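Observations on the three-dimensional arrangement
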2 protein chains.
Amino acid sequence: MKARSHSPSETAASFLASALTIESRFQTLGDVRSWLTECSEHQQFSVRRIPFAELDQWHFADHPNRLVHDSGRFFSIEGLRVQTRHGPVKEWQQPIIHQPEIGILGILTKVFDGLRYFLMQAKMEPGNINLLQLSPTVQATWSNYTRVHAGKRPLYLDYFLDPRRSRRLVDQLQSEQGSRFFRKRNRNMIVEVKGEVPLADGFVWLTLGQIKRLLAFDNLVNMDARTVLACIPLASPEWRFIPPPQLVIGGDQVEAFGRPVGGFQRDLLLSAISGVSPWRSSDEILSWLTELKTGCELSVERIPLDQVTGWERDEEQIRHRSGQHFAVIAVDVEAGNREVVHWTQPLLEHFGYGCVGFLTQKLGGQLHFLVRASLEPGNRDLFELGPTVACANPEQRIKTRTVPAFLDLFLDPPAGCVRYQAVQSEEGGRFYHFQNRYTIVEWPSETHVEIPPDFMWMTLSQILELARYGAFNIEARNLLSCLDLQANPD
Amino acid sequence: MKARSHSPSETAASFLASALTIESRFQTLGDVRSWLTECSEHQQFSVRRIPFAELDQWHFADHPNRLVHDSGRFFSIEGLRVQTRHGPVKEWQQPIIHQPEIGILGILTKVFDGLRYFLMQAKMEPGNINLLQLSPTVQATWSNYTRVHAGKRPLYLDYFLDPRRSRRLVDQLQSEQGSRFFRKRNRNMIVEVKGEVPLADGFVWLTLGQIKRLLAFDNLVNMDARTVLACIPLASPEWRFIPPPQLVIGGDQVEAFGRPVGGFQRDLLLSAISGVSPWRSSDEILSWLTELKTGCELSVERIPLDQVTGWERDEEQIRHRSGQHFAVIAVDVEAGNREVVHWTQPLLEHFGYGCVGFLTQKLGGQLHFLVRASLEPGNRDLFELGPTVACANPEQRIKTRTVPAFLDLFLDPPAGCVRYQAVQSEEGGRFYHFQNRYTIVEWPSETHVEIPPDFMWMTLSQILELARYGAFNIEARNLLSCLDLQANPD
């Protein structure tokens, strides 16, 4: 029998230490931002909207009607008919992205001088509002890494495919937007390499603390990076009983790896460590979700794209008659640092800013997050757990008076209660200018919050446990990835 | 905020205490067996095979062709076309049971004088070889409890539907046979009642220890009871760090609730308590499952029942041309203690005995179970985790030389290595005479076992953790429910 070479507690401690460290042996945070600006300036990107007729290697296929790649690979855009008993709208039709392959989103990690670093890439995606953002080491669809489009093989891919070349610290299937993708999942990986790793052009080693600081800025860290970062265990369940020596918990103060952790950051850390909520046990949370799924009916049927009621296609877009929701468009891309330097593809265009927010509150002395069970047509198992609010089109919802619970709180948060706020982009390889304003609000602990039956308070530890098994949706994971345990910068 | 009224550790301790107790304030085990025999003798049951044409309220519908209830409720029998890259057979067609509703399988529990008892029912199911078996308090399809067939409302149902009437100790969605059902799940519940519970005719209060002893006999405890019992946490994860006072772990000996627990039972208990395997961490197990799912392709398509290649229908059955697998038949039932006293229905007939077995071995001093990732067409998410062997037709597999790994070991287990063996029935409401021989074998710890890539050693604690989230299939859960922590009877 091969003995285990590490303990989950040691791995979590090395993640936590990196999350608390902004000093790097490689470069300062200022250097990283300058480097990103430089990358943007030195590379030639152009993204141009084109009519569908100018799409190269993409066409509208028949039986059923859908927009597909000539190879049959990558993704297609199809129609969906949805019926449900849950929520205010009982029936609708919409275009949806169908991509049955499981892609890899992977970050390579390595310990230098006792501190863990992550290999990130400055990468262009055509749908990003600023084109270039910090990305995982590898973003590869199955079509990518089996080289269907005959481009260059992604760098560093073998570290993720060949288990002899690395140790897999995180390796989970996680979903993408259930309102835009039909049952799409990616393999989210963090793999550790012991030996020498060559540093390619356009890549950079960062501490987790540096990445967290970059997440405080708008649109610097892309969605694929955020979903992988959200899977990182920053605490081990056994720390509740046996904290590691570098973690000193006493009274109001926590000291971790020689640094004081106070205020909201302290509450976050303790919420990640304590496996037990004074509010609801994990069994009770599971029961709540079971009850919701049992009582829910959801019927989804794939239909021809040209028969989606309420949507119209012209030469340049497929859009909803109301002008709202999103539109299917086509773009022509020229780029210098992608596997293929020139290509065309469809994208889903979005308008304005979406709103994604978590309400938090201390209950029984422990920081809790208000989680909402969210039913989306592309979900694999009815409900996924989401943030308190995830709303792609707040202005439309206000106009049509279908405002979801707690939206107001995030559109106009009370003074002194905002613990995090930034604008982040959704996946620029599928979405055109899809931005959400991410907000974390902390409500005073003495205030009672009335919550509807599809909401549940959870500790961060309960969230991380369920998230390992794919229970949390991408909106929730993306926002959780922004949580920073470091003291606020001056 | 409402404070928590109990701790998961206290709940687990009360389950464990009951599992170790055979002495009851109500009746001895001998009394229970006599009572079961009496129930069988005093009730009039008759199950008669009939031609499909004599089915009342069931018919073959068209577009697509399928066997359905006139109400459109209950279940239907349809066709399925399956294609996969995984396993020796790449493509096949078969009939399958389609039942999109989530039913309730629920056991009511109550503490009398400090000891936990479970309310079980002597219940007839037409497909059982001995008709009457011990069942959960409630087995109710959604059609049942919304009273589609206008029968009597199941007794005790309100305790499970109304959260004010009980505390939900177990409440999980769990799958049924993925080779026979299309994505079927039930809500497995154990609810605790504090107040007076009237004892209806045909019901009995048993300790968990008594039920475990009855599971040592052939065909006494039905499948629906076993799947619920398998969800019971017999240990709490925190016991690894803080064992309850009633549990004394020292050296080779464990004392639990004043009783010595030794030998295989001791190893079982310690395997359920220790969250950490010296073999593989939970993250590594998750990674193994992620890799299998990523590399797997499974395409299932529902097709008309009369177009299922290789299957033939005559007046009395739909059977495979080889005479193997299973057959769809119809039965006429007359019964005295069911909600409806006379009815007809289809069933799936099985031939001979299936084989379900877990190989166990001590690795690094800790008892491990050899788990196999199993791909079945009716699974909701590609692989479910199963026992080492689950084979409905061992004789056929030997004849066709497609013997699955480790089957030999269970058909002819080495002397002194069998830790459990009994014949148990699968769900008698859907299957006609479907019996499996359940076996647990312990392999000497010094022997090296070569395992294929779709197998994984896990501790009982790792199994229970994953099983909570529905990762284990019904064959595995059914066998695990038979594990008895009591010393072997003399």
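**What about the overall build of chain A?**
Regarding its fold elements, chain A presents 12 helices and 28 strands. Expressed along its principal axes, the backbone C-alpha trace of chain A runs to roughly 65 × 55 × 50 Å. Within chain A, buried positions represent 60% of all 490 residues. Put simply, of all contacts in chain A between residues at least 6 apart along the chain, 73% involve residues at least 24 apart. Entry remark: accessible area of chain A is about 19,400 Å², with carbon and sulfur atoms responsible for 49%.

**As for the interface of chain B and chain A**
Residue-level contacts link 46 residues of chain B with 45 residues of chain A. Where chain B abuts chain A, roughly 4,100 Å² becomes buried across the two surfaces, and 54% of that area is made up of carbon and sulfur atoms. Connecting chain B to chain A are 10 salt bridges. Residue Arg 168 of chain B pairs with Glu 291 of chain A through a salt bridge whose shortest N-O separation is 2.4 Å. Our count for the chain B to chain A interface comes out at 14 residue pairs in polar contact (both at pLDDT 80 or more). Mapped by element, the contributors of at least two residues to the side of chain B that touches chain A are helix H3 (142-145), strand E10 (167-175), strand E11 (185-192), helix H8 (282-294) and helix H11 (460-468) of chain B. With 9 residues, H8 of chain B is the largest single contributor of residues to the side of chain B that touches chain A. A per-class count over the side of chain B that touches chain A returns 18 nonpolar, 9 polar and 19 charged.

**What about unusual backbone geometry?**
The linkage connecting His 63 of chain A with the following residue, Pro 64 of chain A, adopts the cis geometry, with an omega of -5°. Structurally, Pro 64 of chain A can be placed in the loop between strand E2 (58-61) and strand E3 (66-69). Despite not being glycine, Phe 74 of chain B shows a phi value in the positive range, around 55°. Residues other than glycine seldom take positive phi values, yet Leu 382 of chain B does so here, at roughly 60°. For Leu 382 of chain B, a relative accessible area of 14% gives the class buried.

**A look at the packing of helix H7 (residues 263-273) of chain A against helix H11 (residues 460-468) of chain A**
All names here are of chain A. At a minimum axis distance of 5 Å, the contact between H7 and H11 shows a crossing angle of 50°. Taken together, H7 and H11 sit at an angle that is classed as oblique. Contacts between H7 and H11 involve Leu 268, Ser 271, Ala 272 and Ile 273 on the former and, on the latter, Leu 460, Ser 461 and Leu 464. A per-class count over the contact of H7 with H11 returns 5 nonpolar, 2 polar and no charged.

**Digging into the sheet that holds strand E15 (residues 259-261) of chain B**
Residue and element names in this part refer to chain B. If you walk across this open sheet you meet the 3 strands as E13-E14-E15, and the pairing is antiparallel. This sheet does not close on itself; its edge strands, each paired only once, are strand E13 (247-250) and E15. Between one strand axis and the next, the sheet turns by 20° as a mean value, whatever way the strands run. Of the pairings in the sheet, the one linking strand E14 (residues 253-256) to E15 comprises 3 bridges and is antiparallel in character.

**Some words on the environment of Val 221 of chain B**
All names here are of chain B. For Val 221, the position within the fold is in the loop between helix H5 (208-214) and helix H6 (223-229). According to the relative accessible area criterion, Val 221 is buried, its value standing at 0%. Each C-alpha atom of the pair Val 221 and Asn 379 lies 25 Å from the other, and the pair is 158 residues apart in sequence. Contact partners of Val 221, with chain neighbours within four places excluded, come to Gln 133, Leu 134, Ile 211, Leu 214, Leu 215, Arg 226 and Gln 424.

**Topic: a negative patch on the surface**
A cluster of like negative charges, contributed by Glu 54, Asp 314, Glu 315 and Glu 316 of chain A, occupies part of the molecular surface. Note that Glu 54 of chain A resides in the loop between strand E1 (46-50) and E2.

**Quick notes on the relation of the copies chain B and chain A**
Mapping chain B onto chain A leaves a residual RMSD of 0.0 Å; the transformation is a rotation of 180° accompanied by 0.0 Å of translation along its axis. One copy is carried onto the other by what is essentially a two-fold rotation axis. If distances are taken from each C-alpha of chain B to the rotation axis, the shortest is found for Phe 241 of chain B, at 3.2 Å. Of the residues that chain B buries at the interface, 98% are likewise interface residues in chain A, meaning the two copies contact each other through the same surface.

**Structural notes on the state of the cysteines**
Residues and elements named next belong to chain A. Under the defined criterion, the tally for this structure stands at 0 disulfides over all chains. Free of any disulfide, Cys 391 has its nearest neighbouring cysteine sulfur in Cys 355, separated by 6.7 Å. For Cys 391, a relative accessible area of 3% gives the class buried. Not part of a disulfide, Cys 417 finds its nearest cysteine sulfur in Cys 355, a span of 15 Å.

**Things to note about the confidence of the model for chain A**
Model confidence for chain A is summarised by a mean pLDDT of 93, while 96% of its residues fall at 70 or above. Reported confidences for the modelled complex are a pTM of 0.95 and an ipTM of 0.94.

**Structural notes on a nonpolar patch on the surface**
A cluster of nonpolar residues, Ile 398, Val 403 and Leu 411 of chain A, forms a patch on the protein surface that exposes about 230 Å² of accessible area. Owing to a relative accessible area of 44%, Ile 398 of chain A belongs among the partly exposed residues under this scheme.

**A few points about the environment of Asp 31 of chain B**
Residue and element names in this part refer to chain B. Mapped onto the fold, Asp 31 is located in helix H2 (residues 29-42). Overall, the relative accessible area of 39% leaves Asp 31 in the partly exposed class. Between the alpha carbons of Asp 31 and Ala 13 there is a distance of 27 Å; along the sequence they are 18 residues apart.

**Some words on the sheet that holds strand E13 (residues 247-250) of chain A**
All names here are of chain A. Here 3 strands make up an open sheet; going across it, the order is E13-E14-E15 and the pairing antiparallel. Only two strands of the sheet have a single partner each, and these edge strands are E13 and strand E15 (259-261). Between one strand and the next, the sheet's axes are offset by a mean angle of 20°, whatever the strand orientation.

**Overview of the domain arrangement of chain A**
Residue and element names in this part refer to chain A. Each assigned domain of chain A is listed here: domain 1 (8-44 + 101-238), domain 2 (47-99 + 301-350) and domain 3 (259-297 + 351-480). The gap between the C-alpha centroids of domain 1 and domain 2 is 28 Å. Listed per partner, the contact involves 25 residues of domain 1 and 25 residues of domain 2. Between domain 1 and domain 2 lies a buried interface of about 2,300 Å² when both sides are counted; carbon and sulfur atoms form 58% of it. Ranking the residues of domain 1 by area buried against domain 2 places Pro 126, Arg 180 and Phe 182 at the top, with a combined share of 30%. Counting every contact that joins domain 1 to domain 2 gives 0 salt bridges. Secondary structure elements with two or more residues in the side of domain 1 that touches domain 2: strand E7 (115-124) and helix H3 (142-145). Residues that form the side of domain 1 that touches domain 2 fall into these classes: 9 nonpolar, 10 polar and 6 charged.

**Here we look at the environment of Val 449 of chain A**
Residues and elements named next belong to chain A. Within the fold, Val 449 resides in the loop between strand E27 (435-443) and strand E28 (455-459). Sequence-wise, Val 449 and Gln 361 are 88 residues apart; in three dimensions their C-alpha atoms are separated by 9.3 Å. Leave out the neighbours within four places in its chain, and Val 449 touches Leu 359, Gln 361, Phe 406, Trp 443 and Trp 457.

**Some points on the side chain of His 320 of chain B**
All names here are of chain B. Counting through the fold element by element, His 320 comes out in strand E18 (residues 317-320). Only 2.6 Å separates the side chain of His 320 from the side chain of Ser 322, close enough to count as a polar contact. Among residues more than four places away in sequence, those in contact with His 320 are Gly 310, Trp 311, His 325 and Phe 326.

**Quick word on the nonpolar core**
Residues Leu 385 and Met 458 of chain B are the most contacted members of the largest nonpolar core, which totals 106 residues. Not counting chain neighbours up to four residues away, the residues in contact with Met 458 of chain B comprise Ile 285, Trp 288, Leu 367, His 368, Phe 369, Val 371, Leu 385, Ile 463, Leu 466 and Phe 472 of chain B.

**Examining the pattern of salt bridges**
Working definition: two side chains of opposite charge can pair if their charged atoms are close together. Applying the stated criterion to the full structure yields 52 salt bridges over all chains. In this structure, Asp 381 of chain A engages Arg 185 of chain B in a salt bridge whose closest nitrogen and oxygen atoms are separated by 2.7 Å. A residue pair is termed interchain when its members come from two chains, as with Asp 381 of chain A in the loop between strand E22 (366-375) and strand E23 (383-386) and Arg 185 of chain B in strand E11. When its relative accessible area of 21% is taken as the criterion, Asp 381 of chain A is described as partly exposed.

**So, the pairing of strand E27 (residues 435-443) of chain B**
Residue and element names in this part refer to chain B. Of all 9 residues making up E27, 7 are buried, and the element is well covered by its neighbours. Judged from the 9 bridges that link them, strand E21 (residues 353-363) and E27 form a sheet pairing that is parallel. What sits directly across from Gly 354, in E27, is Asn 436. Pairing analysis gives 7 bridges linking strand E25 (residues 418-425) to E27, with the strands arranged antiparallel. Note on E27: the bridge partner recorded for Tyr 420 is Ile 440.

About the cut-offs
Residues numbered from 1 in each chain as written. Chains lettered and ligands numbered in written order. Predicted model: local features only at pLDDT ≥ 70, side-chain atom pairs only at ≥ 80, totals over all residues. Heavy atoms only, no water. Helix = DSSP H or I, 4+ residues; strand = E, 2+ residues; numbered from the N terminus. Buried < 20%, exposed > 50% of the residue type's maximum accessible area, 1.4 Å probe, protein only. Contact = heavy atoms within 4.5 Å. Areas by Shrake-Rupley, 256 points an atom, 1.4 Å probe, with all protein chains shown as cover. Buried area = accessible area lost by both parts, 1.4 Å probe. Salt bridge = Lys/Arg side-chain N within 4 Å of Asp/Glu carboxyl O. Polar contact = N/O pair within 3.5 Å; in protein donor to acceptor, adjacent residues only side chain to side chain. Nonpolar A, V, L, I, M, F, W, Y, C, P; charged D, E, K, R; others polar. Axes fitted to C-alpha atoms, helices over the stretch in contact; angles between N-to-C directions. Parallel < 35°, antiparallel > 145°, perpendicular 65-115°, else oblique. Pairing = 2+ DSSP bridges. Patch = residues over 30% accessible without salt bridge, like charges linked within 9 Å, V, L, I, M, F, W, Y side chains within 5 Å. Lys, Arg positive; Asp, Glu negative; His and termini not counted. Charge placed at Lys NZ, Arg CZ, Asp CG, Glu CD. Least-squares fit on C-alpha atoms with pLDDT ≥ 70 in both. Disulfide = S-S within 2.5 Å. pLDDT = per-residue confidence, 0-100. Domains from an automatic or database assignment. Core = buried A, V, L, I, M, F, W, Y, C linked by side-chain atoms within 4.5 Å.

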